[in-house]
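So you can see what is in the structure, the chains are spelled out below.
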Amino acid sequence: MTKGRYGIHGGQYIPETLMNAVLELEKAYEFYKNDPEFLNELQALYREYANRPSLLYYAEKMTNDLGGAKIYLKREDLNHTGAHKINNVLGQCLLAKKMGKKRVIAETGAGQHGVATATVAALMGMDCVVYMGKEDTERQALNVFRMELLGAKVVAVESGTQTLKDAVNEAMRVWTAQVEDTFYVLGSVMGPHPYPEMVRDFQKVIGKEVKEQMLAKEGRLPDAVIACVGGGSNAMGLFYDFIPDEEVELIGVEAAGRGVNTAETAATIARGSEGIFHGMKSYFMQDEYGQIAPVYSISAGLDYPGIGPEHAYLHDIGRAKYVPCTDDESVEAFEYLSRMEGIIPAVESAHALSYAMKLAPTLSKDKIIVVNLSGRGDKDVAAIARYKGVNLHE
Amino acid sequence: MNKIKEAFQKHPKAFIPFITSGDPDLETTKKLIVAMAEAGAAVVELGIPFSDPVAEGEVIQAANMRALSKGCTTDKIFDMIKEVRTLTDVPLVFLTYVNPIFTYGVEKFYTKCEEVGVYGTIVPDVPFEEKAELLEAATKHGVDIISLIAPTSDARIKMIAKEATGYVYVVSSLGVTGVRSNITTDIGAIVEQIREVTDTPVAIGFGISTPEQAAAMAKVSDGAIVGSAIVKIVGEHGKDSVEPVREYVKQMVAAVEGV
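What you see is a predicted model, and the numbers here were worked out from it, not measured in a lab.

A. The arrangement of the overall build of chain A in detail. When helices and strands are counted, chain A shows 16 helices and 14 strands. Taken over C-alpha atoms, the radius of gyration comes to 19 Å for chain A, in line with the 21 Å a tight globule of 394 residues would show. Reported as C-alpha extents along the three principal axes, the dimensions of chain A are approximately 55 × 50 × 45 Å. Counting all 394 residues of chain A, 65% fall into the buried class. Relative to all contacts within chain A whose residues are 6 or more apart in sequence, the contacts with residues 24 or more apart total 73%. Within the structure as shown, chain A displays about 13,700 Å² of accessible surface, and the carbon and sulfur contribution to it stands at 51%.

Set out below in structure tokens:
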């Protein structure tokens, strides 16, 4: 087996033109991940720029209302730029800087990763181009303008389904042409090695903090930790430090769209099969001939036909469990949290919340669950209004 | 003897055209293969369309979408080739992505290749390091894995070339497939390094469209590969593309063989 494997998953399935760039990245990452100076700089950025550690908030009203397990929310939505994405981008852009790269490119779905990349590129004085599916630029018009304000160029990708997977395709194509001076800031725990490992390492601060905060507040580990999964970076970041703690259940929530048994879904573990795409072996939504299937979710951030290889592995060995959540359920959770706790969650994170709302009442009051509130919902307000048939005159 | 090797002996300067199977339909693909063989193509590269062709520029991306939207599948392509084999014995090579092969079943895929007479596969998203994914089944069925070498390959050139079979596909430029007005890479230096370690023929592709470019590439190697320029003709003329493609290939063969 080759490098970057999680069981049979992972690998480096990329064009020859990119191989030396990926090997160079791998070598640089192997060095800097153990370099105290790099790690100190990154910690300082997390603390001083991104507002870490993020709060672990006890959702008391929600807990009482649901009448079961205690619910804690990991407030990644309070990070600078409003989502967990900044953790990874600070890491990768700092690495890019150390490698002497002056130009970064990124793909984005909901726009959160694009906004984070545009933000850090501005901070570090780098040129930035973000590729975004045309359909997503329409669903998330505000984030497009936000990226432009930050000095990035946003390219609307018109090929294929015009969503996240096509944005990744286009970023890869452009990277192939500009590989000599460009660093590709991949937004999730996917793609060729070393990306799944590197992105997970930059996100694992989430789970590490949860562990410390939970021990300080409750004197014990939680019974379950829950996160939404598209590519799976916020979930991998939350899960990683808990993998050895067998008593902690790891639950990933996939976007079922209009239903896991409909064609309009993005629930890869529930509906996908083994394949090789976007540089990795993992599970993908595809037909019998290996054509990648169009996927659908109300959430642009979860609208991806694959899942990171380490999640595929955690699923295979039964260490993590993956459950689906529909558009309707996520919108219900979106509204519930807004009214119950005064926190508007990202529609992605609302998928994780929705499952917590199902799970909590089935557990006794001495149980504890943690939901990763991976992003804030301001970006989704207009889309939710549309979904509910409310006509906003913006 | 290996059919690809034989082709390069017969055509010391080889012209290798590429078309996407099923664009605009498989009946036309069949006619195009025969016409290109008659026009003097040494080998014909056939694309198996993929939903997400990340190494392709706009022209071939569009051809992939046209073929898939008409219901072209891997099985239908194998059936079409069976019929082609009653009309021409031109060596055929597949170009596709790893997922269609993996999902079809690697062993089943190469068994079918052997059955219908496809002698090589070019899979842009399987680099040297991941070759084991396909190698065993391909070798067992006598199908060459054709390796790509890029302008960025540097120290990897010899490592890849040493194990190359069929022909070595040298990518002329950075980026994806598509017509380019200028090719600036020092191809000669790359070919020289390849020749130091292998006798496997070397063909150059990506960006070539004119007879002059093809001749220049054939001068420093054993052949020129042209995809987008032909796929563009097919895109413009659809079912009526057979004669214009035949004329184009004739002209390119003359340019390549004339060096």
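Past the structure itself, the notes keep going.
B. Structural detail: the overall build of chain B. Looking only at helices and strands, chain B features 12 helices and 9 strands. In summary, chain B has a C-alpha radius of gyration of 17 Å against a globular reference of 18 Å for 259 residues, a match within 12%. Looking at the 259 residues of chain B, the share that counts as buried comes to 66%. Within chain B, residue pairs in contact and separated by at least 24 positions form 74% of the contacts whose partners lie at least 6 positions apart. Just so you have it, chain B exposes about 9,500 Å², and 52% of that area is on carbon and sulfur atoms. Distance between charge centres in chain B, computed from 25 positive and 35 negative side chains, equals 3 Å.

C. Representation of the interface of chain B and chain A within the structure. With 36 residues of chain B at the interface, the matching set in chain A holds 34 residues. Summed over both sides, the interface of chain B with chain A buries roughly 3,000 Å², with 54% coming from carbon and sulfur. The largest contributions to the chain B side of the interface with chain A come from D52(B), V54(B) and E130(B), which together make up 19% of the buried area. Applying the counting criterion to the chain B and chain A interface returns 4 salt bridges. Salt-bridge contacts for E133(B) lead to K281(A); the nearest nitrogen and oxygen are separated by 3.0 Å. Every element with two or more residues in the side of chain B that touches chain A is listed here: α3 (58-69), α4 (74-84), α5 (98-104), β6 (148-149) and α8 (156-162) of chain B. Per-element tally for the side of chain B that touches chain A: the top contributor is α5(B), with 6 residues. Residue classes in the side of chain B that touches chain A are distributed as 18 nonpolar, 9 polar and 9 charged.

D. Focus on a nonpolar patch on the surface. Residues and elements named next belong to chain A. Where nonpolar side chains cluster on the molecular surface, the patch consists of I344, V381, V390 and L392 and spans about 300 Å² of accessible area. Checked against the element boundaries, V390 lands in the segment after α16 (381-387). Judged by its relative accessible area of 43%, V390 is partly exposed.

E. Broad picture of the side chain of N234(A). Residue and element names in this part refer to chain A. Positionally, N234 belongs in helix α11 (residues 233-239). Since its relative accessible area comes to 4%, N234 is described here as buried. Only 3.2 Å separates the side chain of N234 from the backbone oxygen of C228, close enough to count as a polar contact. Here N372 takes part through its side chain, which lies 2.8 Å from a polar atom of the side chain of N234.

F. Representation of the pattern of salt bridges within the structure. Residues and elements named next belong to chain A. Inspection of every chain in the model, using the stated rule, returns 43 salt bridges over all chains. For E218, the salt bridge goes to K70, with nearest N and O atoms at 2.6 Å. Remark: K70 occurs in strand β4 (residues 70-75) and E218 occurs in helix α10 (residues 205-218); sequence separation between them is 148 residues. Taking the relative accessible area as the measure of exposure, E218 reaches 24% and is therefore partly exposed. Between E335 and K388 there is a salt bridge whose closest N-O contact spans 2.9 Å. Here E335, found in helix α14 (residues 327-341), pairs with K388, found in the segment after α16; they are 53 residues apart in sequence, far enough to count as distant. Look at E335 and you get partly exposed, because its relative accessible area is 23%. One connected set of salt bridges, linked through shared partners, spans R52, K74, E76 and E209.

G. A look at the sheet that holds strand β8 (residues 182-184) of chain A. Residue and element names in this part refer to chain A. Within the open sheet, the 4 strands sit side by side as β7-β6-β5-β8. Their pairing is parallel. Sheet topology places β7 (153-157) and β8 at the edges, where each strand pairs with a single neighbour. Sheet twist, expressed as the average angle between the axes of neighbouring strands with direction ignored, equals 25°. Of the strand pairs in this sheet, strand β5 (residues 103-108) and strand β6 (residues 127-133) are connected by 6 bridges, and their pairing is parallel. For E107, the partnering residue across the bridge sits in β6 and is Y131.

H. A look at the side chain of T200(B). Residues and elements named next belong to chain B. When you line up the elements, T200 lands in the loop between α9 (187-197) and β8 (202-205). At a separation of 3.2 Å, a polar atom in the side chain of T200 contacts the main-chain carbonyl oxygen of A164. Within the structure, the side chain of T200 is placed 2.8 Å from the side chain of T198, a separation counted as a polar contact. Residues within four places of T200 in sequence aside, it is in contact with A164, T165, G166, Y167 and V168.

I. Examining the layout of surface pockets more closely. All names here are of chain A. As a volume, the largest pocket reaches approximately 410 Å³. Those elements that place two or more of their residues in the lining of the largest pocket are α2 (36-48), α9 (195-203) and α10. Top element by residues in the lining of the largest pocket is α2. It accounts for 5 residues.

Cut-offs used in this document
Residues numbered from 1 in each chain as written. Chains lettered and ligands numbered in written order. Predicted model: local features only at pLDDT ≥ 70, side-chain atom pairs only at ≥ 80, totals over all residues. Heavy atoms only, no water. Helix = DSSP H or I, 4+ residues; strand = E, 2+ residues; numbered from the N terminus. Rg over C-alpha atoms; globule rule 2.2 N^0.38 Å. Buried < 20%, exposed > 50% of the residue type's maximum accessible area, 1.4 Å probe, protein only. Contact = heavy atoms within 4.5 Å. Areas by Shrake-Rupley, 256 points an atom, 1.4 Å probe, with all protein chains shown as cover. Lys, Arg positive; Asp, Glu negative; His and termini not counted. Charge placed at Lys NZ, Arg CZ, Asp CG, Glu CD. Buried area = accessible area lost by both parts, 1.4 Å probe. Salt bridge = Lys/Arg side-chain N within 4 Å of Asp/Glu carboxyl O. Nonpolar A, V, L, I, M, F, W, Y, C, P; charged D, E, K, R; others polar. Patch = residues over 30% accessible without salt bridge, like charges linked within 9 Å, V, L, I, M, F, W, Y side chains within 5 Å. Polar contact = N/O pair within 3.5 Å; in protein donor to acceptor, adjacent residues only side chain to side chain. Pairing = 2+ DSSP bridges. Axes fitted to C-alpha atoms, helices over the stretch in contact; angles between N-to-C directions. 1 Å grid on protein atoms, 1.4 Å probe; cavity = no way out; pocket = protein on both sides within 12 Å on 5 of 7 lines; lining within 4 Å. Points joined across faces, edges and corners; volume = space filled by probe spheres on them.

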